[in-house]
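Take a look at the letters that make up each chain.
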Amino acid sequence: MASLSMRRVDEVPDKELLARHAQGDPHAFAELVHRHRDRMWAVAIRTLGDPEEAADALQDACLSAFRAAGRFRGDAAVTTWLHRIVVNACLDRIRRKSVRPATPMGDDATFDAVAPKMPDPTDAHGVSLDVRTALEQLPFEQRAALVLVDMMGYSVDDAAQVMEVPPGTIKSRCARGRARLAPLLGHHRNRRDPKNVGGVEGGGMPK
Amino acid sequence: MNPAHLDYDTLADLAEGLLEDDQAASVSAHLDTCAECRERSADLADVSRILAEAPVPSLPPDLAERIDTAIAAESLETATVVSLEQRRGRRHWRILSAAAATVVVLGGGAVAGKVALDGSDDAGHRHSANTPAMDGTRSTVTRSGPGTAAGAAPSGEVPTSEGLRSAGYAVSHSGTDYRTGTLGRQVDRLLGKGAELKVQGAPPDGRLAGCVSAVTRGKAPGLVDEARFEGRQATVIAVQSGRPGTWDVWVVGPDCTAQNPHVLKQEQAAS
């Protein structure tokens, strides 16, 4: 992306940009968004699944951040703050849409009805579609936690800051989410490593 | 002891260190003796791996542009509120003095009216004669008053708060990062969204007034936007050209003066 190649070494820190924006610098916020929009988009599209919803959520988030910049407390990284706003914008979208049919919200009965009992090994879907449809089976909190920790590589502590919950809650949401995804992603895994046994320890990847 | 097999939830909790010590111990003991559960445990590790390896979705270019535009609009909106508040104090005497001045409304509506009012109390200029021919269906970001007035502000002059009235146009700070390929469209979008964007009120300083005047050869600009071009600080100047709906657009460096305009790019944009 062009904006990335324009980046220079003597780059202004994120917090400085945000401060400049709060003081009325008209370019500072656009610069900040240019820096982080790719990852913000990744969070939005992975959390929501639907590209149009994710696009709206990302735009909502950018404008919310623009207006809320003066209230940034400075005790977290700007990226953490931005991602929190993205996650909240996604949640708002979901609430406003009162849940698309493909996205049960923590309802075990619905989940069981939707979850494939015997995944079709001849299923031709690509990896990303598999992952996306599998993620859609999770309640929002579990999905968002896994997006941040397993997909975006956030530490549990950072994800906890983004979602404003204790680290233990993130761990628990990740554990619940992985437990639900394990049977859904099974066929994909087995296709890749037919014999995956041995001393592999535990499911999570504590960072 | 080898009770029922472990479920994914228990194994996932174990992996995250969420089990109580004694439960963790018995689960671990079970795992030592049960290949099936070890395989389940590996399934969970694979979930994290599969998620981590999923291709990163790339930001669609049209969405990037859409968000840039939304932020630019928000910038102008914010600046408008500030500048209108700043002006409020000066409103009274201005309205009084406006009685002796020609009030020009440039086709756009209420917002344009405000600017025309702000730009109209300098009785020394012949506003109506220099009103640029605006497309009546659109309103612009920056409304221009007297076309020749810009030339009246000599370059190098000390910046003055009277600049808006003497120059007859206001300088926008839309925050847009203009790009070579999309310059025309970006300008057109800002100008076309005028009704929404409203006006942003800083008058040009002496240097910029001289620069604009030199670049446009004295024509009143429809847009003077101190923004960015290809990521670098630049000023974008647009003047309505001969045909309605088309704009002559210049991109100049931040050091543009009347003597040395430092034009980075010039093109014509059509709506």
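Because the structure is a prediction, the values reported are computed rather than measured.

Time to look at the packing of helix α9 (residues 156-163) of chain A against helix α10 (residues 167-184) of chain A. The geometry of a pair of packed helices is captured by two quantities: the angle between their axes and the separation between those axes. Residue and element names in this part refer to chain A. At their nearest, the axes of α9 and α10 sit 8 Å apart, and the two run at 100° to each other. Considering their axes alone, α9 and α10 lie roughly perpendicular with respect to each other. Facing α9, whose interface residues are Val-156, Asp-157, Ala-159, Ala-160 and Met-163, α10 presents Pro-167, Ile-170 and Lys-171. Residue composition of the contact of α9 with α10, grouped by class: six nonpolar, no polar and two charged.

Moving on, we get to the interface of chain A and chain B. Contact residues are listed per partner, giving 46 residues for chain A and 45 residues for chain B. Of the residues contributing to the side of chain A that touches chain B, the split by class is 28 nonpolar, 11 polar and seven charged.

Here we take up the sheet that holds strand β5 (residues 263-270) of chain B. Residues and elements named next belong to chain B. Spatial strand order, β1-β2-β3-β4-β5: five strands in an open sheet with mixed pairing. The outermost strands of the open sheet, each flanked by one partner alone, are β1 (177-178) and β5. As paired strands, strand β2 (residues 223-229) and strand β3 (residues 232-240) are joined by seven bridges and run antiparallel to one another. Paired with Ala-227 across the bridge in β3 is Ala-234.

This part is about unusual backbone geometry. Even without being a glycine, A:Glu164 presents a positive backbone phi close to 55°. Of note, A:Glu164 is situated in the loop between α9 and α10. Residue A:Glu164 is classed as exposed on the basis of its C-beta count, with 11 C-beta atoms lying within 10 Å. You will see that B:Glu230, though not glycine, has its phi angle at about 50°, which is positive.

Turning our eyes to something else, we now look at the confidence of the model for chain B. Residues and elements named next belong to chain B. Per-residue pLDDT for chain B has a mean of 70; in total, 62% of the residues score no lower than 70. Taken together, the stretch residues 89-165 has pLDDT below 50 and engages in 157 contacts with residues farther than four places along the chain or on a different chain. Counting contacts from residues 195-199, a segment whose pLDDT is below 50, to residues more than four positions away or on other chains yields 18 contacts.

Membership of the largest hydrophobic core comes to 108 residues, with the highest contact counts inside it found for A:Ala44, A:Leu58, A:Val86, A:Ala159, B:Val236 and B:Ile237. Per-element accounting of this core gives the leading share, 12 residues, to helix α3 (residues 28-48) of chain A.

So, on to the packing of helix α4 (residues 51-68) of chain A against helix α5 (residues 78-96) of chain A. All names here are of chain A. Viewed as axis vectors pointing N to C, α4 and α5 meet at an angle of 130°, and their least axial separation amounts to 8 Å. It follows from the interaxial angle that α4 and α5 lie oblique. Here α4 and α5 pass one another in a crossing that is right-handed. Within the contact between the two elements, α4 uses Glu-53, Asp-56, Ala-57, Leu-58, Asp-60, Ala-61, Ser-64 and Ala-65 and α5 uses Leu-82, Ile-85, Val-86, Ala-89, Cys-90, Asp-92 and Arg-93. Taken together, the residues that form the contact of α4 with α5 break down as nine nonpolar, one polar and five charged.

Basis of the calculations
- Residues numbered from 1 in each chain as written.
- Chains lettered and ligands numbered in written order.
- Predicted model: local features only at pLDDT ≥ 70, side-chain atom pairs only at ≥ 80, totals over all residues.
- Axes fitted to C-alpha atoms, helices over the stretch in contact; angles between N-to-C directions.
- Helix = DSSP H or I, 4+ residues; strand = E, 2+ residues; numbered from the N terminus.
- Parallel < 35°, antiparallel > 145°, perpendicular 65-115°, else oblique.
- Contact = placed C-beta atoms within 7 Å.
- Nonpolar A, V, L, I, M, F, W, Y, C, P; charged D, E, K, R; others polar.
- Pairing = 2+ DSSP bridges.
- Buried ≥ 20, exposed ≤ 12 C-beta atoms within 10 Å, placed from the backbone.
- pLDDT = per-residue confidence, 0-100.
- Core = buried A, V, L, I, M, F, W, Y, C linked by C-beta atoms within 7 Å.
- Left-handed = near helix turned anticlockwise from the far one by under 90°.

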